[in-house]
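Understanding the architecture of this molecule
The primary structure of each chain is shown beneath.
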Amino acid sequence: MDEEHPIPEGPSEHSRTRRAVFVDRDGTLNPDFHYLKDAERLELFRGVIEGIRLLRDHGYAVVCVTNQSGIERGFYTEENVARIHARLSAILARGGAAIDRFYFCPHAPERGCDCRKPRTRLFRDAARELGIDWAPSAIIGDRVLDIEAGESLGLLTALVPDRTNRGLALQEFGPKSPAPDLVAPSFYAAALAILHRG
Ligand SMILES: [Mg+2]
Ligand SMILES: [Zn+2]
């Protein structure tokens, strides 16, 4: 999107003016086949291409932040993940859409890294690298950890309950969980709601 006018890396906090929608991957863009390894199995939910295109047409960068603990667990490699993201980008490109940048955490939860959602290092890296302003930005995800990450960054949080594991996301929300700002029945509906927020 910004190939002709690249934003310099590392703008200072006050010069971050870009708005973004952070999107989770598995269960949000594509069905959550446990530990997706093969790019050939990737498919997108209906309306995802159109939703991403809509957001970008309205000036949002779309940044994918995904936990991929299958790498450290040895179920697949970073190369598998790169192939999946290349195929995802190719599918989106055919529909006139794109992910501006992918970020993934390769670690198992036991490692206690600072990049696995709900921790926020990848989001902060993205904000620095892409010049993202938190205030007009949002997150779309299917799990409580997505909403927790978004809330701790002050993002508008949109929950799209995962249709591959119906109801799982909603069951995760306990009395101590942050409530999402909105719950949408589809990715496209979440994108529309983000555009129409006050
Ligand atoms: Mg997910
Ligand atoms: Zn990590």
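Everything that follows concerns the structure shown earlier in this document.
Residues numbered from 1 in each chain as written. Chains lettered and ligands numbered in written order. Predicted model: local features only at pLDDT ≥ 70, side-chain atom pairs only at ≥ 80, totals over all residues.

**Details of the overall build of the protein chain**
Worth spelling out the cut-off: Here a helix means four or more residues in a row that DSSP labels H or I, a strand means two or more in a row labelled E, and each is numbered from the N terminus. Field definition: a residue is buried when 20 or more other C-beta atoms are found within 10 Å of its C-beta, exposed when 12 or fewer are, and partly exposed for counts in between, with C-beta atoms placed from the backbone. We call two residues in contact when their backbone-placed C-beta atoms lie within 7 Å.
When its secondary structure is counted, the protein chain shows six helices and six strands. Order of helices (α) and strands (β) in the protein chain, N terminus to C terminus: β-α-β-α-β-α-β-α-β-α-β-α. The buried share of the protein chain, reckoned over its 198 residues, is 35%. Across the protein chain, contacts joining residues at least 24 apart in sequence account for 69% of those joining residues at least 6 apart.

**Points about helix α3 (residues 121–130)**
Cut-off, in case you're wondering: Starting at the helix axis, one direction is taken to each C-beta atom, and the arc is that of these directions.
Listed in full, the buried residues belonging to α3 are L122, F123, A126 and A127. Looking straight down α3, one finds that the buried residues subtend no more than 140° of arc, so they occupy a single side. Remark: G131 follows α3 within two positions and exhibits a positive phi of approximately 70°.

**Here's the deal with the packing of helix α1 (residues 48–57) against helix α6 (residues 187–195)**
Threshold: Axis geometry follows a simple rule: fit a line to the C-alpha atoms, using only the stretch in contact for helices, then measure angles between N-to-C directions, giving values from 0 to 180 degrees. Angle categories: roughly parallel below 35 degrees, roughly antiparallel above 145, roughly perpendicular from 65 to 115, and oblique for all the rest. When the near helix sits turned anticlockwise from the far one by under a right angle, the crossing is termed left-handed; a clockwise turn instead gives a right-handed crossing. Residues are grouped as follows: Ala, Val, Leu, Ile, Met, Phe, Trp, Tyr, Cys and Pro are nonpolar; Asp, Glu, Lys and Arg are charged; all remaining types, including Gly, are polar.
Where α1 contacts α6, the two axes come as close as 8 Å, and the packing angle between them is 15°. Between α1 and α6, the interaxial angle falls into the category roughly parallel. Crossing angle aside, the handedness with which α1 passes α6 is left-handed. Of the residues in α6, those in contact with V48, E50, G51, L54 and L55 of α1 are F187, Y188 and A191. Its residues assigned to classes, the contact of α1 with α6 comprises six nonpolar, one polar and one charged.

**Looking at the sheet that holds strand β6 (residues 182–183)**
For clarity, the cut-off: Only when DSSP finds a minimum of two bridges between them are two strands counted as paired.
Read across the sheet, six strands follow the order β3-β2-β1-β4-β5-β6 without closing on themselves; strand pairing throughout is parallel. With partners counted over all chains shown, the strands left at the sheet margins are β3 (101–105) and β6, one partner each. Where strand β4 (residues 138–141) lies against strand β5 (residues 156–159), four bridges are found, and the strand directions are parallel. Bridging across to β5, G141 finds its partner in L159.

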